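Remarks on the overall topology
In case you want the letters, here they are:
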Amino acid sequence: QVQLVESGGGLVQPGGSLRLSCAASGVILSINDMGWYRQAPGKERELVGSITSDGVIKFGDSVKGRFTISRDNAKNTVFLQMNSLKPEDTAVYYCNAEVEVFRRYLVNYWGKGTLVTISL
């Protein structure tokens, strides 16, 4: 059993910054890809950013140049630094991890989500 716990969400004004974190715990041999998705009301869930254990990074087009992502492999934790936030960034942000729970057996896990609201 693996749990992903997100933190750092909240309310911020346009142009501000937030830093999200997600820590994985449980029976974990390794984590391949780890990152963040988001879902706004009435919209489909979309990729925000992800990073592999080797440091390969992928961002969604809407956040390129504004967000950065990093990872602490020793702590099974991923961070999302969000800068120059826009109202369009308002969404529930979900942590996601591709976890090796047993040799050659990988499972995709999701956190419960943390709400990020960008508003005046």
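Bear in mind that the values here come from a model prediction, so they are computed numbers and not experimental data.

Criteria and cut-off values
- For every chain, the first residue of its written sequence is number 1, and the numbers climb from 1 along that sequence.
- Local features in this predicted model are restricted to residues whose pLDDT is 70 or higher, and side-chain atom pairs enter the listing and the counts only when it is 80 or higher, whereas totals over whole chains, interfaces and linings include all residues.
- Side-chain figures throughout are based on the complete set of non-hydrogen atoms in the structure, without hydrogens or water.
- Only buried Ala, Val, Leu, Ile, Met, Phe, Trp, Tyr and Cys residues count toward a nonpolar core, and they belong to the same one when joined by side-chain atoms within 4.5 Å.
- Exposure classes here rest on a 1.4 Å probe applied to the protein chains alone. A residue is buried below 20% of its type maximum, exposed above 50%, and partly exposed in between.
- The helix count covers DSSP runs of H or I at least four residues long, the strand count covers runs of E at least two residues long, and both are numbered beginning at the N terminus.
- Throughout, a residue-residue contact means that at least one pair of heavy atoms, one from each residue, lies within 4.5 Å.
- Note on terminology: disulfide denotes any pair of cysteine sulfur atoms within 2.5 Å.
- We call two N or O atoms a polar contact when they sit within 3.5 Å, provided that within protein one can donate a hydrogen and the other can accept it, with sequence-adjacent residues counted only if both atoms are side-chain atoms.
- Two rings from Phe, Tyr or Trp (for Trp, the six-membered ring) form a pair when their centres are within 6.5 Å of each other. A pair whose planes differ by under 30 degrees is stacked, one over 60 is edge-to-face, and the rest are tilted.
- The rule is short: NZ of Lys or CZ of Arg within 6 Å of the ring centre and within 35 degrees of the ring normal puts a charge over the ring.
- Just to be clear on terms, a salt bridge is a Lys or Arg side-chain nitrogen sitting within 4 Å of an Asp or Glu carboxyl oxygen.

Trp36, Phe67, Leu80, Met82 and Tyr93 are the most contacted members of the largest nonpolar core, which totals 31 residues. Among the secondary structure elements, those contributing two or more residues to this core are strand 1 (2–7), strand 3 (18–26), strand 4 (30–39), strand 5 (46–52), strand 7 (67–72), strand 8 (77–82), strand 9 (91–102) and strand 11 (114–118). With six residues, the top contributor of residues to this core is strand 9. Not counting residues within four places of it along the chain, the set of residues in contact with Leu80 comprises Leu18, Arg19, Leu20, Trp36, Val48, Phe67, Thr68, Ile69 and Tyr93.

Glancing now at the state of the cysteines. Two cysteines, two sulfur atoms, one covalent bond between them: this is a disulfide. Considering all chains together, one arrives at one disulfide under this definition. Two residues, Cys22 and Cys95, share a disulfide whose sulfurs are 2.0 Å apart. Between Cys22 and Cys95, the S-S torsion sits near -85°, and that sign places the bridge as left-handed. In this pair, Cys22 sits in strand 3 while Cys95 sits in strand 9, placing the two residues 73 residues apart along the sequence. Residues Cys22 and Cys95 agree in their burial class; the two are buried.

Here Thr77 is to be found in strand 8. A polar contact of 2.9 Å, which involves the side chain of Thr77, links it to the backbone oxygen of Lys75. What Thr77 contacts, discounting residues up to four positions off in sequence, is Cys22, Ala23, Met34, Ser70, Arg71 and Asp72.

Inspection of every chain in the model, using the stated rule, returns one aromatic pair. Above the ring of Tyr94, the side-chain terminus of Arg45 is found at 3.9 Å from the ring centroid. Geometry around Trp110 places Arg45 over its ring, the cationic atom sitting 4.7 Å from the centre.

Let us now look at the pattern of salt bridges. Side-chain pairs of opposite charge can arise where the charged atoms are in close proximity. For the structure shown, the criterion picks out four salt bridges. The partner of Glu46 in a salt bridge is Arg38, with the nearest N and O atoms 2.8 Å apart. The shortest N-O distance in the salt bridge between Asp61 and Lys64 comes to 3.0 Å. For Lys64, a relative accessible area of 49% gives the class partly exposed. What emerges from the salt-bridge pattern is a single network uniting Arg38, Glu46, Arg66 and Asp89.

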